[in-house]
Amino acid sequence: MRAIGEMNKKDVLKIIQKQGKWRHECLNMIASENITSSWVDQAYQSDFAHRYAEGVPYKRFYQGAKFIDELEDRTNKLFAKQLKAKYGDVRPISGAIANMAIFGAFTQAGDRIASIPIPAGAHSSHTEGGVAGLLGLKTSSLPFDNEKMTIDSEAAADKIVETKPKMVMLGASLTLFPFKISPIKQACEETGAVLVYDAAHVLGLIFAGKFQQPIQEGVDFLTSSTHKTFPGPQGGLIVGNHSWDTIQNTVFPGILSNHHLHRIPALLMAGLEMQEFGADYANQIIKNAKTLGAELDKQGLNILGKTRGYTESHQIVVDIGKEGGGRKVAESLESANIIANKNLLPWDKLSWETVNDPSGLRLGVQELTRFGMKQAEMKTVGELIHRVIIGENPEKVKKEVVEFRADFQKIHFTWKS
Ligand code: DSN
C-alpha cells in the first residue's frame, strides 16, 4: 500500500517515458537546449559515472584514473585547438560553474565586474543575483545599442576606462550578433581588466568557425556550457592562453571535487562529431534562424534586429508586448506543443514583475535543425507560432504540430549508426 504522493520504480520510469514521448512530439525551441546523438548517448552511459578523478589528467589524487586521464586530456586539447586557445579545461560541470571559476581566479569580494545589462540578456551568473553576487562582486552594465542589439563597443570602452572594473564579461543568454571586441579589448589592456567571453549560446557556431572567434580577437578566456548550439552533454568548459595554473587550481580544489566523469567521453565524442559535421550544422542553423525571423516579420510580428537581418545566431527574439506579453504567449505556445521561453527585452524595466511577465519571446532553432528541418520547414513553424499568438485554439494547432513533427525524428549531422 502506497501513501499519497509516494512513487514506486515503475512510476519513475513512466514519467521519464512520458517526457521523452512528449518532447518528441514538440517543437523544442528553448535556445539553451539541444539533443545529443546516439553516439554521444553511448559514450555518456559508462562506468565513469561511478568514479572520481580529482586533479588534472596524469596528476590525480586517487588511483583508478588511467582511462579518464587519456580521454580528458584529449578532450581538453580538442576544445583548446578548435577554439584557438593554448589550454582547455572541461572539468566545470556547467557554464555557471565555469564562470564561477573565472571570477574566483581573478577577483575578490568587493571588486566590480562589467557585463551586458540583465534585460539585454546577461546570464544570471554574471549578475549580483547570481554567482557574481554570491562571490561578493559588484556588477555594472555596459552600454547597449537596442537598435543593433549588441553592446555599443566604443561607449563600453569609455565606460571601462572611466570605471575600471576588474573584469569585463561579454556574452549573453540573448545573443543575436557577434560583439565588436577590439575597442573593449583596448580598454581592458589600458586598465588591466580581465576580458572574458561567455560563449555558452554560440559555442557550436564558434567551434564550427561560423561566428566570431573570441580568443583570436583577444579575449583572455572563453567560458561556456556545452549543450546549446554545441550538441554535447550538459556541462561546461574554459579555454585560454595564460594563467593556467590559477584556473586549474580554482576549478579544483577551489570549486569542484568530482567533475562528473561520464560527461567527458560524451563531450569528446560530440567534439569529434562536430569537427566533421559542425560547419554544415552551423550554416543550416543560421539560415533557419534568419528564415524564421523573416517569416514571423512577414506575419506582422515585431522581430528585434530587423535592420541587421534579424540574427547571425540560432536565436530570434520577438517583442510580444502588444500580443499579450511573454508569459501568456509562451504558455499558449506550450499548450500547442511549441516549447519556447518568455524573455526580458533591453527596454524592459527590471523587476520581479517584468521577469515573470517580460515583453519578449526567445526562439531557438538549433534542435529543430538537428532533426533535419530547413528553410521550408521554418516557414511552417513560423505559421504555427503566429496562429497561436493571434489567438487560435492551441489544442487545434497542437494536432498539426504533432503531425508535422512526426516527420522529423531522426538526428542529422552525425554518423550513421
Ligand atoms: N539561462 C539559460 C538560458 O539561456 O536559457 C542558460 O543557462
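Residues numbered from 1 in each chain as written. Predicted model: local features only at pLDDT ≥ 70, side-chain atom pairs only at ≥ 80, totals over all residues. Heavy atoms only, no water.

1. Re the pattern of salt bridges
What the rule picks out here adds up to 18 salt bridges. With a shortest N-O distance of 2.7 Å, arginine 91 and aspartate 89 are connected by a salt bridge. Taken individually, arginine 91 and aspartate 89 each receive the classification buried, so the pair is uniform in this respect. One salt bridge in this structure joins lysine 306 and aspartate 297, with 3.2 Å as the shortest N-O distance. One salt-bridge network, held together by shared partners, links Arg387, Glu392, Lys396 and Glu400. (Salt bridge = Lys/Arg side-chain N within 4 Å of Asp/Glu carboxyl O. Buried < 20%, exposed > 50% of the residue type's maximum accessible area, 1.4 Å probe, protein only.)

2. Some points on helix α14 (residues 375-389)
When the terminal C-alpha atoms of α14 are compared, their 21 Å separation across 15 residues agrees well with the 21 Å that a helix rising 1.5 Å per residue should span. Within the sequence span of α14, burial applies to Glu377, Met378, Val381, Gly382, Leu384, Ile385, His386, Val388 and Ile389. One or two positions beyond α14, positive phi appears at glycine 391, with a value near 105°. (Helix = DSSP H or I, 4+ residues; strand = E, 2+ residues; numbered from the N terminus. Expected span 1.5 Å × (residues − 1).)

3. Some points on the nonpolar core
Soluble globular proteins: nonpolar side chains tend toward being buried together. Counting residues in each nonpolar core, the largest one holds 100 residues, and the members touching the most others are Leu27, Met29, Val168, Leu170, Tyr197, Leu363 and Val381. If one sorts the elements of this core by residue count, helix α10 (residues 263-298) sits on top with 14 residues. If we ignore the near neighbours within four places in the chain, the residues touching tyrosine 197 are Leu170, Phe179, Ile181, Val202, Ile206, Phe211, Gln212, Pro214, Val219, Phe221, Leu222 and Thr223. (Core = buried A, V, L, I, M, F, W, Y, C linked by side-chain atoms within 4.5 Å. Contact = heavy atoms within 4.5 Å.)

4. What about the site of the ligand?
Close to the ligand lie Ser32, His123, Ser173, His201, Lys228 and Arg362. Between an oxygen atom of the ligand and a side-chain N or O atom of histidine 123, the distance comes to 2.9 Å. Within the side chain of arginine 362, one N or O atom sits 2.7 Å away from an oxygen atom of the ligand. Across the complex, the protein chains shield 65% of the 240 Å² of accessible surface that the ligand would expose by itself. (Near = heavy atom within 4 Å. Polar contact = N/O pair within 3.5 Å; in protein donor to acceptor, adjacent residues only side chain to side chain. Areas by Shrake-Rupley, 256 points an atom, 1.4 Å probe, with all protein chains shown as cover.)

5. Brief notes about empty space enclosed by the protein
Considering all chains together, one arrives at two cavities of 30 Å³ or more under this definition. Of the volumes computed, that of the largest cavity is approximately 50 Å³. Lining the largest cavity are Ile116, Ala120, Phe144, Met149, Thr150, Ala172, Leu174, Thr175, Leu176, Phe177 and Phe179. The residue makeup of the lining of the largest cavity, split by class, is nine nonpolar, two polar and no charged. (1 Å grid on protein atoms, 1.4 Å probe; cavity = no way out; pocket = protein on both sides within 12 Å on 5 of 7 lines; lining within 4 Å. Points joined across faces, edges and corners; volume = space filled by probe spheres on them. Nonpolar A, V, L, I, M, F, W, Y, C, P; charged D, E, K, R; others polar.)

6. Focus on the sheet that holds strand β6 (residues 138-141)
Taken in spatial order, the seven strands of this open sheet run β4-β12-β11-β10-β9-β5-β6, and their pairing is mixed. Either end of the sheet is taken by a strand with one partner, and the two such strands are β4 (87-89) and β6. Neighbour-to-neighbour, the strand axes of the sheet open up by a mean angle of 20°, direction not taken into account. As defined by bridge partners, strand β5 (residues 112-115) adjoins β6 across four bridges and the pair is classed as parallel. Considered in β6, the bridge of serine 115 is made with serine 141. (Pairing = 2+ DSSP bridges. Axes fitted to C-alpha atoms, helices over the stretch in contact; angles between N-to-C directions.)

7. Observations concerning the pairing of strand β17 (residues 360-364)
For β17, the tally of buried residues reaches five of five residues, placing the bulk of the element in the interior. Here β17 shows no split at all, with Gly360, Arg362 and Gly364 on one side and Leu361 and Leu363 on the other all buried. Relative to β17, strand β16 (residues 341-343) is paired through three bridges, and the arrangement is antiparallel. Bridging across to β17, lysine 342 finds its partner in leucine 361.

8. Some remarks on a nonpolar patch on the surface
A cluster of nonpolar side chains, namely Met7, Val12, Leu13, Ile15 and Ile16, defines an oily patch on the protein surface of about 470 Å² accessible area. Along the chain, leucine 13 falls in helix α1 (residues 9-23). (Patch = residues over 30% accessible without salt bridge, like charges linked within 9 Å, V, L, I, M, F, W, Y side chains within 5 Å.)

9. Thoughts on helix α4 (residues 95-106)
If you check α4, its first and last C-alpha atoms are 17 Å apart, about what twelve residues at 1.5 Å a residue would give, namely 16 Å. The element α4 is largely enclosed, with a buried count of nine among its twelve residues. If you check which residues of α4 are buried, you get Gly95, Ala98, Asn99, Met100, Ala101, Ile102, Phe103, Ala105 and Phe106. Looking at where α4 begins, the residue whose side-chain oxygen comes 3.4 Å from the main-chain nitrogen of alanine 96 is serine 94.

10. Regarding a negative patch on the surface
On the surface, Glu331, Glu334, Glu353 and Asp357 cluster together into a negatively charged patch. Tracing the chain through its elements places glutamate 334 in helix α11 (residues 326-335). Of the residues examined, glutamate 334 reaches a relative accessible area of 41% and is grouped as partly exposed. (Lys, Arg positive; Asp, Glu negative; His and termini not counted. Charge placed at Lys NZ, Arg CZ, Asp CG, Glu CD.)

11. Some points on a positive patch on the surface
Together, Lys9, Lys10, Lys14 and Lys18 make up a positively charged patch on the protein surface. Residue classification places lysine 10 among the exposed residues on the basis of a relative accessible area of 59%.

12. So, the pairing of strand β11 (residues 221-225)
Across a regular strand the side chains alternate sides, sitting on one face of the sheet and then on the other. Counting buried positions along β11 yields five of five residues, so the element is predominantly enclosed. The alternating pattern of β11 places Phe221, Thr223 and Ser225 on one face and Leu222 and Ser224 on the opposite face, and all of these are buried. In this structure, strand β10 (residues 194-198) lies alongside β11, joined through three bridges in parallel fashion. Along β11, the bridge assignment pairs tyrosine 197 with leucine 222.

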